[in-house]
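Okay, here's what each chain looks like letter by letter:
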Amino acid sequence: MGLHTENNLPAKAPSRKRGLWRKRVKDNKFAYMLMVPTIIFMMLVHLLPMLQGIWMSFLKLNQFTLVKYLKAPFVGLDNYVGLLFNSDNPVRQGLNFAIRNTAIYAVIVTIGVMIMGLMMAMLLNRDFPGRGIARTAMLLPWVVPSYVVGVLWGFMWQQNGIINYILVDVLHLFAEKPFWLLGTNTIWAIIIPTIWRGWPFLMVIFLAGLQTIPDDIYEAATIDGAGKFRQFWNMTLPMLKPVIAVQLLFQIINNVYSYNIVSTMFGNGAGYPGEWGDLLMTALTRQSFGYWSFGSGSAASMMLMVVMLMVVGVWYRAFRTELNAQ
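Bear in mind the structure is a predicted one, so any value in this text is a computation, not a measurement.

## Notes on the overall build of the protein
Phase 1: When its secondary structure is counted, the protein shows 15 helices and zero strands.
Phase 2: For 326 residues, the compact-globule formula gives about 20 Å, and the C-alpha radius of gyration of the protein, at 26 Å, lies well above that figure.
Phase 3: Its C-alpha atoms put the protein at 90 × 70 × 35 Å along the principal axes.
Phase 4: Counting across all 326 residues of the protein, residues that qualify as buried make up 35%.
Phase 5: Nonlocal contacts in the protein, meaning residues at least 24 apart in sequence, comprise 65% of its contacts between residues at least 6 apart.

## Some points on the packing of aromatic side chains
Phase 1: The full count for this structure, using the stated rule, is twelve aromatic pairs.
Phase 2: Centre to centre, the rings of Phe 58 and Tyr 80 are 5.8 Å apart; their planes meet at 45 degrees, and the pair counts as tilted. Here Phe 58, found in the loop between α2 (29-56) and α3 (78-85), pairs with Tyr 80, found in helix α3; they are 22 residues apart in sequence, far enough to count as distant.
Phase 3: Judged by relative accessible area, Phe 58 falls into the partly exposed class, the value being 21%.
Phase 4: Relative to Phe 294, the ring of Trp 292 lies with its centre 6.1 Å away and its plane at 70 degrees, an arrangement referred to as edge-to-face.
Phase 5: An aromatic cluster of three or more residues is present, and its members are Trp 153, Trp 157, Phe 174, Trp 180 and Trp 196.

## Topic: the pattern of salt bridges
Oppositely charged side chains are able to pair whenever their charged atoms sit close together.
Phase 1: Scanning the entire structure with this criterion turns up two salt bridges.
Phase 2: Linking Lys 177 and Asp 169 is a salt bridge whose minimum nitrogen-to-oxygen distance equals 3.7 Å.
Phase 3: Note that Asp 278 is salt-bridged to Arg 286, the shortest N-O span being 2.6 Å. Judged on exposure class, the residue Asp 278 and its partner Arg 286 are both buried.

## Remarks on the nonpolar core
Phase 1: Core analysis: the largest hydrophobic core is formed by 40 residues, its most contacted members being Tyr 105, Val 113, Trp 157, Ile 190, Phe 206 and Met 265.
Phase 2: For this core, the secondary structure elements donating two or more residues are α4 (95-124), α7 (146-156), α8 (162-170), α9 (186-210), α10 (215-223), α11 (228-256) and α12 (260-265).
Phase 3: Considering every element that reaches this core, the biggest residue donor is α9, with eleven residues.
Phase 4: Excluding its chain neighbours within four sequence positions, the residues that come into contact with Trp 157 are Ile 163, Trp 180, Leu 181, Trp 188, Ala 189, Ile 192, Pro 193 and Met 265.
Phase 5: Counting 16 residues, the second largest nonpolar core, distinct from the first, contains Ala 283, Ala 299, Met 302 and Leu 304.

## What to know about the side chain of Asn 89
Phase 1: Examined against the element boundaries, Asn 89 turns out to sit in the loop between α3 and α4.
Phase 2: We classify Asn 89 as buried; its relative accessible area is 8%.
Phase 3: A distance of 2.9 Å separates the side chain of Asn 89 from the backbone nitrogen of Val 91, its partner in a polar contact.
Phase 4: Among residues more than four places away in sequence, those in contact with Asn 89 are Gly 82, Leu 83 and Ser 296.

## Notes on the environment of Ser 57
Phase 1: Positionally, Ser 57 belongs in the loop between α2 and α3.
Phase 2: Each C-alpha atom, one on Ser 57 and one on Ser 301, is 8.6 Å from the other, the two residues being 244 residues apart in sequence.
Phase 3: Residue contacts for Ser 57: discarding those within four places in its chain leaves Gly 76, Asn 79, Tyr 80, Gly 295, Ser 298, Ala 299 and Met 302.
Phase 4: Within the structure, Ser 57 has its side chain in polar contact with the backbone oxygen of Ile 54 (distance 2.5 Å).

Conventions used here
Residues numbered from 1 in each chain as written. Predicted model: local features only at pLDDT ≥ 70, side-chain atom pairs only at ≥ 80, totals over all residues. Heavy atoms only, no water. Helix = DSSP H or I, 4+ residues; strand = E, 2+ residues; numbered from the N terminus. Rg over C-alpha atoms; globule rule 2.2 N^0.38 Å. Buried < 20%, exposed > 50% of the residue type's maximum accessible area, 1.4 Å probe, protein only. Contact = heavy atoms within 4.5 Å. Phe/Tyr/Trp six-rings, centres within 6.5 Å; stacked < 30°, edge-to-face > 60°. Salt bridge = Lys/Arg side-chain N within 4 Å of Asp/Glu carboxyl O. Core = buried A, V, L, I, M, F, W, Y, C linked by side-chain atoms within 4.5 Å. Polar contact = N/O pair within 3.5 Å; in protein donor to acceptor, adjacent residues only side chain to side chain.

Without other data, these values stay purely geometric and don't point to any function.
If you want it as structure tokens, here you go:
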């Protein structure tokens with residue numbers, strides 16, 4: 001009897017799960033029907049272009065075979081091998097600088113927007129006269145389109161622009177007006193505008209998270225003698241950790257794939273931002289379209305996608321507990 005029962009257990013468990021799954025689908029049939037158009041749309045917008053990009057990365061797709069498009073000659077892994085090992089590959093040229101700049105840019109911008117967003121959210125979470133007006137005013141940088149941000153800050157970074165006027169003529173922080181759009185200063189010329197535009201969005205997200213934390217726990221902590229810093233470190237941050245985790249991932253992805261501000265600041269995408277201003281997206285776009293090397297460009301994009309999937313995997317392992325608790 002014991003063996004008979006034990007042998008039947010594996011068969012009953014899947015059957016029970018299938019029954020529960022069918023009941024769940026039946027009970028929520030209308031909800032699943034509403035999801036069908038969204039799933040179809042997501043497949044058309046995301047899945048099919050991704051599959052097309054994967055196929056293009058295996059093709060010899062250039063100015064001579066572009067008319068054939070997806071029927072261009074199949075070359076297998078040649079595009080990937082050329083990117084990794086062929087220094088004469090046109091798409092590979094400058095990618096080392098772009099990878100370095102993108103890593104610096106993504107890390108600093110992500111940290112900057114999250115710190116700024118959290119600080120402003122905590123300030124605007126307090127009750128003071130004109131709080132609604134202040135919240136609205138703080139959203140203005142985020143409302144400005146990224147293309148406009150790139151153009152405006154491009155003018156502001158000019159040697160005789162307003163930034164050098166403030167730094168040199170007003171504050172006297174420099175003896176001479178520096179060149180912000182040349183040399184190593186270029187990386188800061190793209191980092192600062194991105195942080196300026198991005199932190200209001202994080203402020204809204206963190207402000208929503210802060211408003212879900214009950215005031216009672218802060219009152220109890222104050223009675224127990226906990227100072228503001230201890231309350232922030234031991235109460236606010238742990239309760240915001242799921243929100244911080246999700247926004248951390250979103251910001252890393254957005255900043256690695258950043259394009260608009262740099263492309264508009266340096267000639268609407270046609271200009272070369274230099275060794276300290278080029279990012280992966282601007283470099284891949286310029287090299288792929290400039291040399292009509294669409295097969296190699298697709299291969300580079302697929303390699304970047306794999307790297308980002310690995311980053312997502314590391315992120316999930318780091319914050320798995322917080323995410324599963326929600």
